[in-house]
Amino acid sequence: MTSDSTSNVSNSMWGGRFADRPDAIMEEINASIGFDKRLASQDIRGSQAHAAMLAAVGIISESDHKAISQGLEEIGGEIERGEFVFRRDLEDIHMNIESRLREKIGEPAGRLHTARSRNDQVALDFRLWVKEQCAEAEAALTRLIDALLVQAGAGVGVIMPGFTHLQVAQPVTWGHHMMAYVEMFRRDRARFADARERMDECPLGAAALAGTGFPIDREMTAKALGFARPTANSIDSVSARDFALEFLSASTICSTHISRLSEEIVIWSSAQFNFITLSDKFTTGSSIMPQKKNPDAAELTRAKVGRIMGSLVTLLTVMKGLPLAYSKDMQEDKEPVFDAADALALALAAMTGMVADMQPNVARLREAAAQGFSTATDLADWLVRELGMPFRDAHHVTGSLVKMAEDKGCDLDGLALSDMQTVEPRITDAVFGVLGVENSVRSRISYGGASPERVREQVGKPG
């Protein structure tokens, strides 16, 4: 229970409007310091920039600015060293830092909040934090892309089956498959960069919602904090959380791509597929079955999309019915974003490690690529190209030959020419030149196709 003396300190931060100590339930639901203390460095940076601007335009004295700046710097050191005592009765990170500043420097601390509200203060802190997370996600994605490019470059000529419906469809290469994920993750990186550019506006100076009558310099604070410009509308400045929603949206899409690759790693590492080998760094054993080598890292990254997507839905639900400008509902914006950012960072790091670690089982991949009549499309294309047959007719002839091979228990290249000619008399022995998986892959020369030539081009492409 909060003591009267503690409550008096808390109430003094609010001024004379509130005389009685807060009810315990109200204190419990109102406090956010348990999670928003993660914004401490952003809060101090914002206050430093605000104080410097206030002094520059003559709103506070230079001596007050010096005291505030020195006090904030010392508080930042206390937080970094783990010496700062975060007090729940002071509700949030802003009031905790302001209270400690008052303890350290006295009266000048009270001038720091001139021309500022907690509304634009928290909007600034949160925007700074999310902007940094976008940059961190971009860097993490670059590391993952680089790991995939290494795999792709080494696997340009490694034949493997391409799937649709998880059924063998056509031969591709390991390099081509890795490059598919490179394209996905490059788009993810671009989404974070695009979101970061859009949120590159400083809300500080919007005050509670209407701006301020003090002659502040918002361009100065925006520049000092690394923003491209100040926000254009004071109401929007304090009420907007679409920057956080964009981060969560990009995170959800990215984690979906991570989950898809995780799923493939789980499948590929199974005894039934045996397409890849993962080292002990990313697998675990069973408590009862000594033969097991479980791809737990892949399974856990596959699951992270649930947390991240849930965070997006949470914030969308919080924001969907709020009138302008600020409502206390928006205190619920930070925990889901913090949780999603943590989950995404861990999933990206784990996936980068797994991609670098996994070893394709080349012989098994080649064997699997030759199964399931994977060159049937090549046969149909040959009938069109060499015999001038309409594709639908060629499709029908090829289907008949697949059925014949299935009945004989062989692949298409195991059929005798005479057997093929019972279905289509014009077929010649030249057809066997397109039925091998290597020939099939080499023939896929269209832009973005699976041929080693095209894959090498894609691996070497900048970006």
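Remember, it's a predicted structure, so these values are computed and weren't measured experimentally.

### Quick look at the pairing of strand E2 (residues 167–173)
Note that strand E1 (residues 159–164) and E2 share six bridges and pair antiparallel. Within the sheet, the bridge partner assigned to threonine 164 lies in E2 and is glutamine 167. In this structure, the hairpin formed by E1 and E2 is closed by a connection of two residues, where histidine 165 is found at a positive phi of approximately 60 degrees.

### Re the confidence of the model for the protein chain
Chain-level statistics for the protein chain give a pLDDT mean of 90 and a share of 92% at 70 or above. Below a pLDDT of 50 lies the segment residues 1–11, which in the model reaches 20 contacts outside its immediate sequence neighbourhood of four places, other chains included.

### What to know about the nonpolar core
Note on soluble globular proteins: their nonpolar side chains tend to be buried together. Of all hydrophobic cores here, the largest spans 89 residues; its most connected members are Leu148, Trp174, Phe185, Phe192, Ile265 and Val337. With near-sequence residues (within four places) excluded, valine 337 lies in contact with Phe126, Trp129, Val130, Ala244, Phe247, Leu248 and Leu315.

### Notes on the side chain of glutamate 91
Note that glutamate 91 resides in the loop between helix H5 (62–80) and helix H6 (93–105). The exposure class assigned to glutamate 91 is buried, which follows from its relative accessible area of 11%. Within polar-contact distance, the side chain of glutamate 91 engages the side chain of arginine 118 at 3.4 Å.

### Notes on unusual backbone geometry
Across the junction of leucine 324 and alanine 325, the peptide omega takes the value 10 degrees, indicating a cis bond. Tracing the backbone through its elements, the reader meets alanine 325 in the loop between helix H12 (296–319) and helix H13 (334–357). A positive phi angle, close to 60 degrees, is found at histidine 165, a residue other than glycine. Within the secondary structure, histidine 165 is located in the loop between E1 and E2. The exposure class of histidine 165 is exposed, given its relative accessible area of 76%. One non-glycine residue, asparagine 274, lies in positive phi territory at about 55 degrees. Positionally, asparagine 274 belongs in the loop between helix H11 (242–268) and strand E5 (276–277). A relative accessible area of 37% places asparagine 274 in the partly exposed class.

### Overview of the environment of leucine 322
As for its placement among the helices and strands, leucine 322 is situated in the loop between H12 and H13. Spatially, the C-alpha atom of leucine 322 lies 70 Å from that of methionine 420, the residues being 98 residues apart in sequence.

### Quick word on the layout of surface pockets
Quantified by volume, the largest pocket comes out at close to 470 Å³. Forming the boundary of the largest pocket are 17 residues, of which Gly162, Phe163, Thr164, His177 and Glu264 lie nearest the centre. Contributions of two or more residues to the lining of the largest pocket are made by E1, E2, helix H8 (174–198) and H11. The leading source of residues in the lining of the largest pocket is H8, at five residues.

### Here's the deal with the side chain of aspartate 188
Take aspartate 188: it is sitting in helix H8. The class of aspartate 188 is buried, set by a relative accessible area of 0%. A polar side-chain atom of aspartate 188 sits 3.0 Å from a polar atom in the side chain of arginine 191. Apart from the residues lying within four places of it in its own chain, the contact partners of aspartate 188 are Leu141, Ile253, Cys254 and His257.

Parameters at a glance
Residues numbered from 1 in each chain as written. Predicted model: local features only at pLDDT ≥ 70, side-chain atom pairs only at ≥ 80, totals over all residues. Heavy atoms only, no water. Pairing = 2+ DSSP bridges. Helix = DSSP H or I, 4+ residues; strand = E, 2+ residues; numbered from the N terminus. pLDDT = per-residue confidence, 0-100. Contact = heavy atoms within 4.5 Å. Core = buried A, V, L, I, M, F, W, Y, C linked by side-chain atoms within 4.5 Å. Buried < 20%, exposed > 50% of the residue type's maximum accessible area, 1.4 Å probe, protein only. Polar contact = N/O pair within 3.5 Å; in protein donor to acceptor, adjacent residues only side chain to side chain. 1 Å grid on protein atoms, 1.4 Å probe; cavity = no way out; pocket = protein on both sides within 12 Å on 5 of 7 lines; lining within 4 Å. Points joined across faces, edges and corners; volume = space filled by probe spheres on them.

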